[in-house]
Amino acid sequence: MSQNPLLRLAELGQSVWYDYIRRDLYQGPELRRLIDQDGLRGMTSNPTIFQQAIAATELYDDDVRRLGEQGLPPAEIFEGLAVEDVSRAADAFRKVYETAGGDDGFVSIEVGPHLADDTAGSVAEAHRLWQRCDRPNVMVKIPGTAAGVPAIRQCLAEGVNINITLLFSVERYREVMEAYLSALEERVAAGQPVDRLRSVASFFVSRVDTNVDKKLDAIGADAGRPERQRQLARELRGKAAIANARLAYRAFEEVFSGERFARLRAQGASRQRPLWASTSTKDPAYPDLYYVEALIAPDSIDTMPRETFEAYKDHGNPRVRIHDDLDRGQDVLEALAELGIEESQVSEELEREGVRKFSDSFDQLLKAVEEKEKAVRVS
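A short tour of the structure in this document, coming up. (Residues numbered from 1 in each chain as written. Predicted model: local features only at pLDDT ≥ 70, side-chain atom pairs only at ≥ 80, totals over all residues. Heavy atoms only, no water.)

1. Concerning empty space enclosed by the protein
Under the definition given, this model contains two cavities of 30 Å³ or more. Residue lining of the largest cavity: 13 residues in total, with Val208, Val212, Leu333, Glu343 and Val346 positioned closest to the centre. Examining the composition of the lining of the largest cavity, we find that four residues originate from one element, helix H18 (residues 343-378), more than from any other. Broken down by class, the residue content of the lining of the largest cavity amounts to nine nonpolar, two polar and two charged. Of the voids in this model, the second largest cavity is the one considered here, and its volume is about 50 Å³. The wall of the second largest cavity is formed by Glu110, Pro113, Ala116, Pro143, Thr165, Leu166, Val355 and Phe358. Where the lining of the second largest cavity is concerned, the elements lending two or more residues are strand S5 (162-167) and H18. (1 Å grid on protein atoms, 1.4 Å probe; cavity = no way out; pocket = protein on both sides within 12 Å on 5 of 7 lines; lining within 4 Å. Points joined across faces, edges and corners; volume = space filled by probe spheres on them. Helix = DSSP H or I, 4+ residues; strand = E, 2+ residues; numbered from the N terminus. Nonpolar A, V, L, I, M, F, W, Y, C, P; charged D, E, K, R; others polar.)

Okay, here's the thing in structure tokens:
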């Protein structure tokens, strides 16, 4: 048994991906160390991560200057930078990808968040990013919105690896799994290979508690409510996110242990693994590894920011806990509904908020690129 808790997670069947990317990570020895010593098996990116990397360092200045001199607008400059980072990082993970038989070693790049409600636009941009990166171990991130689901299905059917992001509800997660299975079936029917096609479904965790706990705190402080309801609100604090994620995992087990997927597996298809995103603890009332520890599960991924990754290496306590209190997960959602907190409303609010936050981050990123390009032009 490994002494490094991060390596122990791999032994338990859970892959750890890094929710962070920056040029010096793969240009120097750090990424190789994380892979070799800490078992890092993949990487994701988003507009906020790129904004911090480009605006706060000089690592990108030369490329910003070069692309700016070509007359490219900020959006195209950023895409060039992102494609370079993701492609080079994917090269660093290529051995992981090959050793894992194509199940790990992925780096994700994201379609523009303003396309969240644009199916055709998402498909077109996903294909462009996929072709520009030109690596088998790249995934393109598409949000699991109502418009995103058909885009996800089409891209998968056309052979593009997809990381579905911004999932909050089990209902939408089931739609995403259906999109994956139907895309595989379409490829099999057309005589196209499915053995190297991969997809993950990114289920956001801590944001659920951030939303629900705020509602529970209001109920708990409402003197007009019966004391039983106020007490229940206090007891349910910090319970919604883990219950929701565990119910999602149960749905995953149901779908991918069924006969439908068994037929696809016989053709070489792999499971669409759930990926736990937003697992860093936002509320100081909870332990720093609260969500990571609760959601250790075989055939899953946890994408951790740097701070959570280092914290787990320091004092993680690896044990499969995904089935703990699983039967109580539905009870938690029913108790929340009794207080007027409906899961469907929460997930809708979180999806809209998630799209807005990513869109705002993307706009700030483009502004940072524009300001950087002006600064390096005159320097």
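2. Considerations on the packing of aromatic side chains
Evaluated as defined, the whole model comprises 15 aromatic pairs. When the centroid spacing of 6.4 Å and the interplanar angle of 40° are considered together, the rings of Trp17 and Phe106 count as tilted. Remark: Phe106 occurs in strand S3 (residues 106-110) and Trp17 occurs in strand S1 (residues 14-19); sequence separation between them is 89 residues. No difference in accessibility class separates Trp17 from Phe106, as the two residues are buried. Among the aromatic side chains, those forming a connected cluster through ring pairs are Tyr180, Tyr249, Phe252, Phe256 and Phe261. Cation over ring: Arg207 sits above Phe358, and NZ or CZ is 5.6 Å from the ring centre. One residue, Arg306, lies across the ring of Tyr20, its end atom 4.1 Å from the ring centre. (Phe/Tyr/Trp six-rings, centres within 6.5 Å; stacked < 30°, edge-to-face > 60°. Buried < 20%, exposed > 50% of the residue type's maximum accessible area, 1.4 Å probe, protein only. Lys NZ or Arg CZ within 6 Å of the ring centre and 35° of its normal.)

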